[in-house]
Amino acid sequence: MKTLGIVQACYQSPRFRGFASRRFGRHSLLEWVIRRVTDCVWLDGVIVLTSRESAEFSKALVPADVPVFVGDQPSALQRFLRALEEYPAEAVVRVRGDNAFIDPGLIDRLVTTAQAHPNCDYVSYCSHDGRPAILSPVGIYAEWFRSSVLRQAARSAKTAAEGDQVTQYIYSHPEKFNVRLIPAPEEIDRDDVRLSVDIEEDWDHALAIFDALGPDELDWRRIAALLDHQPALRQRMAALNRAHGVKTTPAAKQTPAR
């Protein structure tokens, strides 16, 4: 395959297992995310990657037509490499299994951007603070990378964080890899937007958005337009972002590609 979508469903916390199995419309949250990824035009295939500890739980939620790879390696990075031995692909789009509002259109743009810039090793979105948008609580983004570059990163990664955060070594070393960050849509790349599902209140907000828009209207533009008319909700999301902080990494701030 040229580009493989991998939905990462390795749940170490009972809380995240609980979110993954909850109903999001007619499906569990995990199945909903998987179906969003299979809606992408530019992916040649999609698999679900899980750990030995999460295998039985995840398999029960994955649609029958989507392969599941169970990795027993100690780190997420090593599990990705083992999955690519079983499902070889030139490049990967990585999606977290708890990203309820992952957007197929934004995923397809990653792939087409990589095709337009064949020297790229890594492509994702850039937040207004200059950091990769996958680290933000907006929670709608994925990332594209070459399989060969992931192997290079695995040989160089030294810390536990670099093993657990699959691509951290790549985007943290733009001097070694050709990293291209696309400006995130400014309408939703805001400090008062929080679409990740990390705590119970996030789940309540996700359901409220789903109920307001319905399953066929959940692209980022409609979500941004809805939130534009919900100042109280945005204010609460901003407070949660301040209270729970933003994921941090040693990645240097970067200038987004235009």
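Once a new chain begins, its residue numbering starts again from 1 and follows that chain's sequence as written. Owing to the predicted nature of the model, reporting of local features is limited to residues with pLDDT of at least 70; listing and counting of side-chain atom pairs is limited to 80 or more, with chain, interface and lining totals taken over all residues. Each side-chain value is derived from all of the structure's non-hydrogen atoms; neither hydrogens nor water enter the calculation.

Caption draft 1: Structural detail: helix H2 (residues 29-38). Using a 1.4 Å probe on the protein chains alone, a residue whose accessible area is under 20% of its type maximum counts as buried, one over 50% counts as exposed, and one in between counts as partly exposed. Counting from the N terminus, the helices are the DSSP runs of H or I reaching at least four residues and the strands are the DSSP runs of E reaching at least two. Across the ten residues of H2, eight count as buried, placing the element largely inside the fold. Three or more residues of H2 are buried, namely Leu 29, Leu 30, Glu 31, Trp 32, Val 33, Ile 34, Arg 36 and Val 37.

Caption draft 2: Focus on the pattern of salt bridges. The salt bridge definition used is simple: a Lys or Arg side-chain nitrogen within 4 Å of an Asp or Glu carboxyl oxygen. Summed over the entire model, instances satisfying the criterion amount to 16 salt bridges. Close ionic contact of Asp 202 with Arg 194 constitutes a salt bridge, the shortest N to O distance being 2.8 Å. Given a relative accessible area of 3%, Asp 202 falls into the buried group. The salt bridge partner of Arg 236 is Glu 201, with a shortest N-O separation of 2.7 Å. One end of the pair, Arg 236, is in helix H11 (residues 231-244); the other, Glu 201, is in helix H9 (residues 200-213), with 35 residues separating them in the sequence. You can call Arg 236 partly exposed: its relative accessible area is 37%.

Caption draft 3: Structural detail: the packing of H9 against H11. Under this scheme, a helix contributes an axis fitted over its contacting stretch, all axes are lines through C-alpha atoms, and angles between N-to-C directions fall in the 0 to 180 degree range. It is at 12 Å that the axes of H9 and H11 come closest, and there the two elements cross at 150°. Relative to H11, H9 is oriented roughly antiparallel. For H9 against H11, the interelement crossing comes out left-handed. Contact with H9, carried on its side by Glu 201, Asp 202, His 205 and Ile 209, involves Leu 233, Arg 236, Met 237 and Leu 240 of H11 and no other residues of that element. Split into classes, the residues belonging to the contact of H9 with H11 amount to four nonpolar, one polar and three charged. Just so you know how the angles are binned, under 35 degrees is roughly parallel, over 145 roughly antiparallel, 65 to 115 roughly perpendicular, and the rest oblique. Note on convention: the crossing is left-handed when the near helix lies turned anticlockwise from the far helix by less than a right angle, right-handed when the turn is clockwise. Residue contacts are counted whenever heavy atoms from the two residues lie within 4.5 Å of one another. Note on residue classes: Ala, Val, Leu, Ile, Met, Phe, Trp, Tyr, Cys and Pro are nonpolar, Asp, Glu, Lys and Arg are charged, and everything else, Gly too, is polar.

Caption draft 4: Structural context of the environment of Pro 74. You can see Pro 74 is positioned in the loop between strand S5 (68-71) and helix H4 (76-86). When its relative accessible area of 77% is taken as the criterion, Pro 74 is described as exposed. In the structure, Pro 74 is positioned 23 residues away from Ser 51 in sequence and 8.9 Å away in space, judged by C-alpha atoms.

Caption draft 5: Broad picture of the sheet that holds strand S8 (residues 143-146). When DSSP finds at least two bridges between two strands, those strands are taken to pair. One open sheet holds the seven strands; their spatial order is S5-S4-S1-S6-S8-S7-S9, and the pairing between them is mixed. Both outer strands of the open sheet, S5 and strand S9 (179-183), are each paired with one neighbouring strand and no more. Each strand of the sheet is rotated relative to its neighbour by a mean of 30°, with strand direction disregarded. Direction of pairing for strand S4 (residues 45-51) relative to S5: parallel, over a ladder of four bridges. Looking at S5, one finds that Leu 49 is bridged to Phe 69. Docked against the sheet, H2 engages strand S1 (3-8), S4 and strand S6 (91-96), running at close to 170° with respect to S1. Across the face of the sheet, helix H6 (residues 147-156) comes into contact with S6 and S8 while running at roughly 80° to S8.

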